[in-house]
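Remarks on the overall topology
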Amino acid sequence: MDGTRGTIVQGFERLLNEKPVNKITVKDIAETCGINRNTFYYHFQDIPALLEEIMEEKADQLIVNHYQADEPMECIRSLIRYGMKHRNAVLHVYHYVPRETFLIYVNRIASRLAREYFSSAASGVPDSNENAEALICFYKCAMVGLVLDWLDGGLEADMEALTQRICVLLKGSGREALSRI
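A few points on the structure. (Residues numbered from 1 in each chain as written. Predicted model: local features only at pLDDT ≥ 70, side-chain atom pairs only at ≥ 80, totals over all residues. Heavy atoms only, no water.)

A separate point is the overall build of the protein chain. If you tally the helices and strands in the protein chain, you get 10 helices and zero strands. Traced from its N-terminal end to its C-terminal end, the protein chain shows the element sequence α-α-α-α-α-α-α-α-α-α. Considering only C-alpha atoms, the protein chain reaches an extent of 60 × 30 × 25 Å along its principal axes. The buried share among the 181 residues of the protein chain stands at 40%. Across the protein chain, the fraction of contacts at a sequence separation of at least 24, relative to all contacts at a separation of at least 6, is 70%. Total accessible area computed for the protein chain in this model is approximately 10400 Å², and 52% of it derives from carbon and sulfur atoms. With 20 positive and 25 negative side-chain charges, the protein chain shows a spacing of 3 Å between the two charge centroids. (Helix = DSSP H or I, 4+ residues; strand = E, 2+ residues; numbered from the N terminus. Buried < 20%, exposed > 50% of the residue type's maximum accessible area, 1.4 Å probe, protein only. Contact = heavy atoms within 4.5 Å. Areas by Shrake-Rupley, 256 points an atom, 1.4 Å probe, with all protein chains shown as cover. Lys, Arg positive; Asp, Glu negative; His and termini not counted. Charge placed at Lys NZ, Arg CZ, Asp CG, Glu CD.)

Have a look at this one:
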């Protein structure tokens, strides 16, 4: 995203690192970006619309840029590092956005990771579609639960070490589970 729209997104992201969403005004964004309020409203209906667009864009970027079928940990690691690098912004968004809205994006990322992983793991395993769907649901829920616990704990836990350990413990278990039935 470039141009004025990109400038607004970047300015808002800078402000998110400094203060909670409900303390950021369109005037703050306009001043940070060197634009007037009308320019903001030309590009975005309001701050929640801007925030929703950012969440959607970040979710897509993290998956597209970091997912590797044989190494789901690389995408997970990127997600964790993004969260740590933008800790204040992530927590400000988490505490502002209705939980249902936040869950839409977390679920989307977790579903995509699980689906991509099990699509790869099911390759060559006959009649594995129904089993893969059950495992996708289970792993998605486990990932969402881990993320929510991490966020509720203020991003204090060493999530990278925990997810690395989980990945090591579960390595190959997806393919093995698919071939059981």
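Here we take up the nonpolar core. Within the largest apolar cluster, 50 residues are counted, with the highest numbers of intra-cluster contacts made by F12, I29 and L50. The set of elements that each furnish at least two residues to this core consists of α1 (3-18), α2 (26-33), α4 (47-66), α5 (72-85), α6 (87-96), α7 (99-121), α8 (129-152) and α10 (173-178). Sort the elements by how many residues they give to this core and α8 lands first, with nine residues. The residues contacting I29, other than those within four sequence positions of it, are I8, F12, L15, I24, F40, I47 and L50. (Core = buried A, V, L, I, M, F, W, Y, C linked by side-chain atoms within 4.5 Å.)

Let us now look at the packing of aromatic side chains. Summed over the entire model, instances satisfying the criterion amount to four aromatic pairs. Here the aromatic rings of F138 and Y139 are separated by 5.4 Å at their centres, their planes lie at 90°, and the arrangement is edge-to-face. Overall, the relative accessible area of 53% leaves F138 in the exposed class. Clustering of aromatic rings is evident, with ring pairs tying together F40, Y41 and F44. (Phe/Tyr/Trp six-rings, centres within 6.5 Å; stacked < 30°, edge-to-face > 60°.)

Glancing now at α8. Residues spaced three or four apart along an α-helix point in a common direction, a consequence of the helix completing one turn every 3.6 residues. End to end, α8 covers 34 Å across 24 residues, agreeing with the expected 34 Å (1.5 Å per residue, within 8%). The set of residues buried in α8 consists of N131, A132, L135, I136, Y139, K140, M143, V144, L148, W150 and L151. Directly beyond the C-terminal end of α8, a positive phi value near 75° is found at G154. (Expected span 1.5 Å × (residues − 1).)

On to the packing of α1 against α2. At their nearest, the axes of α1 and α2 sit 9 Å apart, and the two run at 115° to each other. On the basis of the axis angle, α1 is roughly perpendicular to α2. In this structure, the crossing between α1 and α2 has a hand that is right-handed. Touching T7, I8, G11, F12, R14 and L15 of α1 are D28, I29, T32 and C33, all from α2. (Axes fitted to C-alpha atoms, helices over the stretch in contact; angles between N-to-C directions. Parallel < 35°, antiparallel > 145°, perpendicular 65-115°, else oblique. Left-handed = near helix turned anticlockwise from the far one by under 90°.)

With their axes 10 Å apart at the nearest point, α6 and α8 run at an angle of 100° to one another. One element, α6, and the other, α8, form an angle in the roughly perpendicular class. Residue-level inspection shows V90, L91 and Y94 of α6 in contact with α8, the latter providing L148, L151 and D152.

Attention now goes to the side chain of H92. Following the sequence through the fold, H92 ends up in helix α6. You can call H92 buried: its relative accessible area is 18%. Residues within four places of H92 in sequence aside, it is in contact with L16, N17, E18, K19, P20 and V21.

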